[in-house]
Amino acid sequence: MKKIFAGVLLAILLGQGASAKANAKVEEAVQSSFEGVSSIDAKSLVLNKAAYKKVQAQAQAPVRTKVYRYYEIKSGGRTIGYGILISRKVRTKMATVLYVFTPLGTLRFTEIMAFGEPPEFLPNQTWMGQFKSKNVSAPLTMGKDIPTISGATLSARNITDGARIARALLLSVIQK
């Protein structure tokens, strides 16, 4: 049953096509942060067993899925960035965050795309802004270089772990 489900999921993702356009919300977030964007191409990524283990080891965070959506951001024919969507359960509901990187791996910005938890657990823009311009070697460790949020620790941990997972996906799989 698991193999059938995985096969159907893979067929759906691949059926969407590698040149599918980004959804409006992703496009809006990217357009407001990059100048001269000519295309935002949505792509699917399915990790094999080796890539899954590599990403988990690099991220130093639990990776709960092998299927991801990412975006290649172009200006003319040149890639100027990558956006990676990470969906993870916070407490009982899912949160989806867009992590956008430069081609060199610097985290350009993060944007919460969907948040199912109550609004009091939603991190504010000031807290989210601390991810801006974090270079590829930044540890992104909550409680050290990323402060916790009193009353929203699970949200903060989820977003911080997601940033490390997104960076590991970018560095070990997408940019190959």
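Residues numbered from 1 in each chain as written. Predicted model: local features only at pLDDT ≥ 70, side-chain atom pairs only at ≥ 80, totals over all residues. Heavy atoms only, no water.

Enquirer: Looking at this model, I keep getting lost on the overall build of the chain. Mind explaining?
Expert: A count of helices and strands for the chain gives 5 helices and 6 strands. In the chain, the succession of helices and strands from N to C terminus is α-β-α-β-α-β-β-β-β-α-α. A total of 176 residues make up the chain; the buried ones form 45% of that total. Taking the intrachain contacts of the chain between residues at least 6 apart in sequence as the baseline, contacts between residues at least 24 apart amount to 56%. Total accessible area computed for the chain in this model is approximately 9500 Å², and 55% of it derives from carbon and sulfur atoms. (Helix = DSSP H or I, 4+ residues; strand = E, 2+ residues; numbered from the N terminus. Buried < 20%, exposed > 50% of the residue type's maximum accessible area, 1.4 Å probe, protein only. Contact = heavy atoms within 4.5 Å. Areas by Shrake-Rupley, 256 points an atom, 1.4 Å probe, with all protein chains shown as cover.)

Enquirer: What is the right way to read helix α3 (residues 49-59) from this model?
Expert: Turn by turn, an α-helix covers 3.6 residues, leaving residues three or four places apart pointing in a common direction. Along α3, the residues classified as buried are A51, V55 and A59. An end-on view of α3 places all buried positions within 60° of arc, on one side of the element. Facing away from the buried side of α3 by more than 90 degrees, the exposed set consists of K49, A50, K53 and A57. On its buried face, α3 is in contact with α5 (153-174). Capping of α3 at its N-terminal end is provided by N48; its side-chain oxygen lies 3.2 Å from the backbone amide nitrogen of A50. Just downstream of α3 lies Q60, where phi reads positive at about 50°. (Arc of directions from axis to C-beta. Polar contact = N/O pair within 3.5 Å; in protein donor to acceptor, adjacent residues only side chain to side chain.)

Enquirer: What is the right way to read the environment of E72 from this model?
Expert: Residue position: E72 is located in strand β3 (residues 67-75). The exposure class assigned to E72 is buried, which follows from its relative accessible area of 13%. Separated by 29 residues in sequence, E72 and K43 place their C-alpha atoms 7.6 Å apart. Not counting residues up to four positions away in its chain, the partners in contact with E72 are S39, I40, D41, K43, T79, G81 and Y82. Engagement of the side chain of E72 in a polar contact is seen with the side chain of T79, the distance being 2.7 Å.

Enquirer: Would you take a moment to explain the pattern of salt bridges for this structure?
Expert: Pairing between side chains of opposite charge can happen when the charged atoms of each approach one another. Scanning the entire structure with this criterion turns up 4 salt bridges. Its salt-bridge partner being E72, residue K43 comes within 3.0 Å of it at the nearest N-O pair. Here the residue K43 occupies a position in strand β2 (residues 39-46), and E72 occupies one in strand β3, the gap between them amounting to 29 residues. The exposure class of K43 is partly exposed, given its relative accessible area of 21%. Residues R88 and D161 are paired through a salt bridge, measuring 3.7 Å at the closest nitrogen-oxygen approach. Remark: D161 occurs in helix α5 and R88 occurs in strand β4 (residues 78-89); sequence separation between them is 73 residues. Residue R88 shares its accessibility class with D161, and that shared class is buried. Through salt bridges with shared partners, a single ionic network connects R88, D161 and R164. (Salt bridge = Lys/Arg side-chain N within 4 Å of Asp/Glu carboxyl O.)

Enquirer: Would you take a moment to explain the confidence of the model for the chain for this structure?
Expert: Low-confidence regions, as indicated by low pLDDT, have predicted coordinates that should not be scrutinised in detail. Per-residue confidence for the chain gives a mean pLDDT of 86; residues scoring 70 or more make up 87%. Every residue in residues 4-19 is under pLDDT 50, and counting partners more than four places away or in other chains gives 11 contacts. (pLDDT = per-residue confidence, 0-100.)

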